[in-house]
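Each chain, written out:
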Amino acid sequence: MFNHNVKTKDYVIRRELRTVTGEKFSRQDIIRTQRELSQLSSFHPNTHHPGIVPNTDDGTVDITWGLEEKSSDQLELSAGFGGGIGLTGTLGVTFNNFSIYNIFNKKSWDPLPSGDGQKLSLRGQSNGKQFRSYNFSFTEPRLGGKKRNSFTIG
């Protein structure tokens, strides 16, 4: 069970869990889950502590993950002057919890579609008429399901 996840979809969190329903309790699985949830960078690091409630009647354990989301998007602005070419500027933006699946769903735009754990990055650099560079990249961290088959296009 998860608490406090508003943007990130449940299946994105579930694919990082090593504590599976019906499996034996394992401290190693809990520690590994904490580490993998922190690698998502969508949640505050101090909220990865599980709430473990043992049920002595049937020998099971209930685990609740209270995850507090944080913004992990990035904005890059830089400028420089020199080298006989004058002023150089860079503008870049990275969205770390993007959702390309909801790109055509207008209800999911707040301000951009998010929650699937994908990464979208746009960057432009120029010094006027002599040099211009535009970069775009999109990363799907789990292409094809649960295995870590990352796919990036740029």
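Residues numbered from 1 in each chain as written. Predicted model: local features only at pLDDT ≥ 70, side-chain atom pairs only at ≥ 80, totals over all residues. Heavy atoms only, no water.

A separate point is the sheet that holds strand β5 (residues 87-98). Spatial strand order, β4-β5-β6-β7-β8: five strands in an open sheet with antiparallel pairing. For this open sheet the edge positions go to β4 (74-81) and β8 (151-153), each flanked by a neighbour on one side alone. Looking at each pair of strands side by side, their axes are set apart by 10° on average, direction ignored. One ladder, built from eight bridges, connects strand β6 (residues 118-126) with strand β7 (residues 132-140); its direction is antiparallel. (Pairing = 2+ DSSP bridges. Helix = DSSP H or I, 4+ residues; strand = E, 2+ residues; numbered from the N terminus. Axes fitted to C-alpha atoms, helices over the stretch in contact; angles between N-to-C directions.)

Applying the stated criterion across every chain yields a total of three salt bridges. With a closest N to O distance of 3.0 Å, Glu-36 and Arg-18 form a salt bridge. Placement of Glu-36 in helix α2 (residues 27-39) and of Arg-18 in the loop between α1 (10-14) and α2 is noted, with a sequence separation of 18 residues between them. In this structure Glu-36 comes out as buried when scored by relative accessible area, which is 7%. By relative accessible area, which is 24% here, Arg-18 ends up partly exposed. The partner of Glu-36 in a salt bridge is Arg-32, with the nearest N and O atoms 3.0 Å apart. Of the two residues, Glu-36 and Arg-32 both sit in helix α2, four residues apart, roughly one turn of that helix. On the basis of relative accessible area, Arg-32 is assigned to the partly exposed category, the value being 37%. Connected through salt bridges with shared partners, the residues Arg-18, Arg-32 and Glu-36 form a single ionic network. (Salt bridge = Lys/Arg side-chain N within 4 Å of Asp/Glu carboxyl O. Buried < 20%, exposed > 50% of the residue type's maximum accessible area, 1.4 Å probe, protein only.)

Moving on, we get to the pairing of strand β3 (residues 60-66). Looking at chain direction, strand β2 (residues 50-55) and β3 are connected through six bridges and run antiparallel. Residue Asn-55 lies in a different strand from β3, and its bridge partner there is Thr-60. The antiparallel hairpin formed by β2 and β3 contains four residues in its connecting segment, where Gly-59 sits at a positive phi of about 75°.

The next thing to look at is the environment of Ser-38. When you line up the elements, Ser-38 lands in helix α2. Look at Ser-38 and you get partly exposed, because its relative accessible area is 36%. Residues Ser-38 and Gln-118, 80 residues apart in the sequence, show an inter-C-alpha distance of 15 Å.

Together, Leu-122, Phe-136, Leu-143, Phe-151 and Ile-153 make up an exposed nonpolar region whose accessible area comes to about 450 Å². One can find Leu-143 in the loop between β7 and β8. Judged by relative accessible area, Leu-143 falls into the partly exposed class, the value being 45%. (Patch = residues over 30% accessible without salt bridge, like charges linked within 9 Å, V, L, I, M, F, W, Y side chains within 5 Å. Areas by Shrake-Rupley, 256 points an atom, 1.4 Å probe, with all protein chains shown as cover.)

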